[in-house]
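Chains, contacts and geometry: an overview
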2 protein chains.
Amino acid sequence: MIDQLIKMIKSTGAPIVVGLDPMMKFVPEHIKKAAFEAKGETLEGAAEAIWLYNKEIIDKIYDLIPAVKPQIAMYEQFGIPGLAAFQKTVQYCKEKGLIVIGDVKRGDIGSTSAAYAAAHLGRVQVGNNLCAGFDEDFVTVNPYLGTDGVQPFIDVCKEEKKGLFILVKTSNPSSGEFQDRLIDGRPLYEHVGERVAAWGEQLMGGSGYSYVGAVVGATYPEQGKILRTLMPKAFILVPGYGAQGASGKDLVHFFDANGLGAIVNSSRGIIAAYQNEKYKEFGAQNFADASRQAVMDMIDDIMSALGENGKK
Amino acid sequence: MIDQLIKMIKSTGAPIVVGLDPMMKFVPEHIKKAAFEAKGETLEGAAEAIWLYNKEIIDKIYDLIPAVKPQIAMYEQFGIPGLAAFQKTVQYCKEKGLIVIGDVKRGDIGSTSAAYAAAHLGRVQVGNNLCAGFDEDFVTVNPYLGTDGVQPFIDVCKEEKKGLFILVKTSNPSSGEFQDRLIDGRPLYEHVGERVAAWGEQLMGGSGYSYVGAVVGATYPEQGKILRTLMPKAFILVPGYGAQGASGKDLVHFFDANGLGAIVNSSRGIIAAYQNEKYKEFGAQNFADASRQAVMDMIDDIMSALGENGKK
């Protein structure tokens, strides 16, 4: 799956992933109105609204990008109907040829991690049948519980040829509270990064990159530079671009000399572009056109930063 | 909610919580047969099987215990139908008067953590309505992302009078890989424990315990002793009893001088008791009676250990 991701990054020329994190405040009024009329001001109505919103955005941007990253929390808050909209979104994106990174940040121990891995990447045995729950292509994983929390995800990836992005250094302001604390003179995130590199050796793609990648926030470019070196074969998923404050020039050191090795996420900067001053002329009716323009601008920003850095 | 939990621990005389973590291999054949006949060998069939299994166990044990802890991964692996069985289980346990600790180990940043908190403890605004997704009483939270990952959960707890158990030292063999690493001469889990104590100050119950508790594995009694002192007002949820190897005597230092301050979880030791040598005379048909006996034996084991320690 990592090889497939790299192939699609090359064919689109876009090392970016769009975060499908639909908050109700992003959804234009006319869509909410239609959804609530159909299903009421209920969890079902909310789920319908985010599905309609997602679908229109996907239809307008799928040809520009290799992958999407739905954040499951934004669906889970609407209970079962919300999670059904998550599933429908995953399925629809796959039909459109997109790679789906489920941003689920799951992590537990032994058999429980195995159950999460089965839920999101694998299949479960029911009687004589094998059934898939959510069936994303990659998921994000929290490493706090150590190897026996992560290994069950790797085992499922081996079987299903799917991949992981493990949280190493997250993009939020207080990520340093534990992640930056020094252990033997080096921050915790470096120790986690080394472990990611070791875990990744088990499952290498033909591209030279591992199926086991890492999450490193765009808001920490210096740390990204160090982690790029510590985890030479780990693809890095980089959140924090745009709304969280990072821009193209902050990202160059996350990439390798061939302009590969990283994929940059933007969520609200793309899906809620029509609410930004820069794109407001599109209007709420044409919100998905604003998203398309924002994707093109993001690709330009990143590719020109990589170009200036002599990396492309 | 922590005061309610303490009240129920006192009224039942049972500082224990039963983990409703239904794996298909625990579900007796006659229940699987009935479920698959009704719904097929599908995700729906699997979800029906675990719901029937849960219900029979709950009906037999609810009067003995204060709380249950469904592990959401075991439901999530069966996709949307599995999560609907999770929701039904949460709802049914609440109807039976049990406190429900959702073992979800969620954790993300800012608005994403807020969405998880809304999903599991709070409500979401849909048009003019407030709707609840899963509506547990407590959830478990992963602290790796730091304060701005945890604070949104605390904010929802304040509003809804609900509670948290934050992972500090987990029960699994490799929990030490990151959690035991020394920072300024002390293991990471102690730093997390201190932070849990500080977070908890924001939200104290009338009982003297905070709404913000901690998870500390029964398999690490020495660490439990230290953490009990570092977090004097945090209730400790203790997994790892029974199947994971700990017994009553390992647990005494997790409790305070009044026999409060901790609640011990057992999952497969209770729900799959009929598969243990000790309870096999019950047979698969009477699996829930075996669970009832296992609950009574667990209460005896823990209370006599607390008694011997002069704590009760």
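Cut-offs applied
- Residues numbered from 1 in each chain as written.
- Chains lettered and ligands numbered in written order.
- Predicted model: local features only at pLDDT ≥ 70, side-chain atom pairs only at ≥ 80, totals over all residues.
- Heavy atoms only, no water.
- Least-squares fit on C-alpha atoms with pLDDT ≥ 70 in both.
- Phe/Tyr/Trp six-rings, centres within 6.5 Å; stacked < 30°, edge-to-face > 60°.
- Helix = DSSP H or I, 4+ residues; strand = E, 2+ residues; numbered from the N terminus.
- Buried < 20%, exposed > 50% of the residue type's maximum accessible area, 1.4 Å probe, protein only.
- Expected span 1.5 Å × (residues − 1).
- Contact = heavy atoms within 4.5 Å.
- Salt bridge = Lys/Arg side-chain N within 4 Å of Asp/Glu carboxyl O.
- Polar contact = N/O pair within 3.5 Å; in protein donor to acceptor, adjacent residues only side chain to side chain.
- Core = buried A, V, L, I, M, F, W, Y, C linked by side-chain atoms within 4.5 Å.

Considerations on the relation of the copies chain A and chain B
Once chain A has been moved 0.0 Å along the axis and rotated by 180 degrees, it coincides with chain B to within an RMSD of 0.0 Å. Within this description, the copies of the chain are treated as partners about a two-fold rotation axis. If distances are taken from each C-alpha of chain A to the rotation axis, the shortest is found for A:I183, at 2.6 Å.

Focus on the packing of aromatic side chains
Residues and elements named next belong to chain A. Scanning all chains against the criterion turns up 14 aromatic pairs over all chains. Summarising the aromatic geometry, the rings of Y209 and F235 are spaced 5.0 Å apart at their centres and angled 80 degrees between planes, so their arrangement reads as edge-to-face. Linking Y209 in the loop between α9 (188-200) and β10 (212-216) with F235 in the loop between α10 (221-230) and β11 (236-238), this pair joins segments that are 26 residues apart in sequence. Taken individually, Y209 and F235 each receive the classification buried, so the pair is uniform in this respect.

Topic: helix α12 (residues 287-308) of chain B
All names here are of chain B. For α12, which comprises 22 residues, the first-to-last C-alpha distance of 32 Å matches the rise-based estimate of 32 Å (1.5 Å per residue) to within 8%. Listed as buried for α12 are F287, A288, A290, S291, A294, V295, M298, I299, I302, A305 and L306. In this structure, the buried residues of α12 make contact with β1 (16-18), α2 (29-39), α3 (43-61), β12 (262-266) and α11 (268-271).

Side note on the interface of chain A and chain B
Each side of the interface is counted separately: chain A has 71 residues, and chain B has 71 residues. Counting every contact that joins chain A to chain B gives eight salt bridges. Among the salt bridges present, the one from B:D184 reaches A:R181, with a minimum N-O distance of 3.1 Å. At the boundary of chain A with chain B, the tally comes to 33 residue pairs in polar contact (both at pLDDT 80 or more).

With respect to the nonpolar core
In terms of nonpolar packing, the biggest core is built from 242 residues, with A:L5, A:V196, B:L5 and B:V196 touching the most fellow members. Ignoring sequence-local partners within four residues, the contact set of B:L5 consists of B:P66, B:A67, B:I99, B:F138, B:F165, B:F235 and B:I263.

Points about the pattern of salt bridges
All names here are of chain A. Going through the model one piece at a time under the given rule, you end up with 46 salt bridges over all chains. A salt bridge links E190 to R186; the shortest N-O distance between them is 3.0 Å. Exposure remark for R186: the relative accessible area of 26% places this residue in the partly exposed category. The residue D250 makes a salt bridge to K249 at a minimum N-O spacing of 3.9 Å.

Description of the environment of A:I16
All names here are of chain A. The residue I16 is located in strand β1 (residues 16-18) in this model. I16 gets classed as buried once you look at its relative accessible area, which sits at 0%. With 27 residues separating them along the chain, I16 and L43 place their C-alpha atoms 31 Å apart.

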